[in-house]
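# Structural overview for review
Next come the chains, spelled out residue by residue.
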Amino acid sequence: MSTHSDLTPGAGVARLVDEFYTRVRADDCIGPIFNDVAKVNWAEHLPKMYAFWDSVLFGVPGFKGNPLAVHLVLAGRTPLTSHEFDRWVSVFHATVDELFVGPMATEAKQRAVRIATMMQYHIAAAAAASR
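Reading guide: rules and limits
Residues numbered from 1 in each chain as written. Predicted model: local features only at pLDDT ≥ 70, side-chain atom pairs only at ≥ 80, totals over all residues. Heavy atoms only, no water. Helix = DSSP H or I, 4+ residues; strand = E, 2+ residues; numbered from the N terminus. Rg over C-alpha atoms; globule rule 2.2 N^0.38 Å. Buried < 20%, exposed > 50% of the residue type's maximum accessible area, 1.4 Å probe, protein only. 1 Å grid on protein atoms, 1.4 Å probe; cavity = no way out; pocket = protein on both sides within 12 Å on 5 of 7 lines; lining within 4 Å. Points joined across faces, edges and corners; volume = space filled by probe spheres on them. Nonpolar A, V, L, I, M, F, W, Y, C, P; charged D, E, K, R; others polar. Lys, Arg positive; Asp, Glu negative; His and termini not counted. Salt bridge = Lys/Arg side-chain N within 4 Å of Asp/Glu carboxyl O. Contact = heavy atoms within 4.5 Å. Axes fitted to C-alpha atoms, helices over the stretch in contact; angles between N-to-C directions. Parallel < 35°, antiparallel > 145°, perpendicular 65-115°, else oblique. Left-handed = near helix turned anticlockwise from the far one by under 90°. Core = buried A, V, L, I, M, F, W, Y, C linked by side-chain atoms within 4.5 Å.

## Quick look at the overall build of the protein
Each helix and strand counted, the protein has six helices and zero strands in total. Compactness check: the protein gives a C-alpha radius of gyration of 15 Å against a globular reference of 14 Å for 131 residues, within 12% of the reference. Based on the C-alpha atoms only, the size of the protein along its principal axes is roughly 50 × 30 × 25 Å. Residues classed as buried in the protein amount to 36% of the 131 residues present.

## Re the layout of surface pockets
Quantified by volume, the largest pocket comes out at close to 720 Å³. Taken together, 30 residues line the largest pocket, and the ones lying closest to its centre are Phe-34, His-45, Met-49, Val-70 and His-71. In terms of residues, the lining of the largest pocket owes the most to one element, helix H3 (residues 42-58), which gives six residues. Broken down by class, the residue content of the lining of the largest pocket amounts to 20 nonpolar, five polar and five charged.

## Let's talk about the side chain of Glu-84
Note on placement: Glu-84 falls in helix H5 (residues 82-99). The buried charged residue Glu-84 lacks any salt bridge, with Arg-87 as its nearest oppositely charged partner at 10 Å. With residues near it in sequence (within four places) discarded, Glu-84 still touches Cys-29, Ile-30, Ile-33 and Pro-79.

## Focus: the side chain of Thr-78
Its place among the elements puts Thr-78 in the loop between helix H4 (67-75) and H5. Leaving out residues up to four positions away in the same chain, Thr-78 has contacts with Ile-33 and Val-37.

## Some thoughts on the packing of helix H1 (residues 11-26) against H5
Direction vectors running N to C along H1 and H5 enclose 135°, while the axes themselves pass 9 Å from each other. In terms of orientation, H1 and H5 fall into the oblique class. Considering how the two elements wind past one another, H1 and H5 form a crossing that is right-handed. The segment H1 lies against H5, with Arg-15, Leu-16, Glu-19, Phe-20, Tyr-21, Arg-23 and Val-24 engaging Trp-88, Val-91, Phe-92, Ala-94, Thr-95, Val-96, Glu-98 and Leu-99. Among the residues making up the contact of H1 with H5, the classes are represented as ten nonpolar, one polar and four charged.

## A look at the nonpolar core
Within the largest apolar cluster, 36 residues are counted, with the highest numbers of intra-cluster contacts made by Tyr-21, Phe-34, Trp-53, Trp-88 and Phe-92. Within the residue set of this core, elements represented by two or more residues are H1, helix H2 (31-37), H3, H4, H5 and helix H6 (103-129).

## Side note on unusual backbone geometry
In the Ramachandran plot, Lys-39 falls in the positive-phi region, its phi being about 50° despite a non-glycine side chain. Inspection of the secondary structure assignment puts Lys-39 in the loop between H2 and H3. Residue classification places Lys-39 among the exposed positions, given a relative accessible area of 59%.

Structural data, given as structure tokens:
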């Protein structure tokens, strides 16, 4: 029996986001995209990601931004292929599985797959349109 609880808004989402991005920054595949290409300002990015996931999973208002637009610009600077998105999903799923168990944890993993799929689709479409 698991001692983990389900993912919750606020503190639960912050815990997931903090641990996930700690792993992302250290990852050989996607870490360099965040660290070297995007040069993410973590003090700004993490609160945005708390708001994003609270909004996506729990309907909490407050997220402002256009993740697709950001990723389209980034894809013009470095390859963002199924390889990178699969790795992002893999790290996200592993983080969720190590921290949480329950319906919202499952929903978070499903949403991550849908987000990655949507991003890949739009990045590929934009690349095809620019050829």
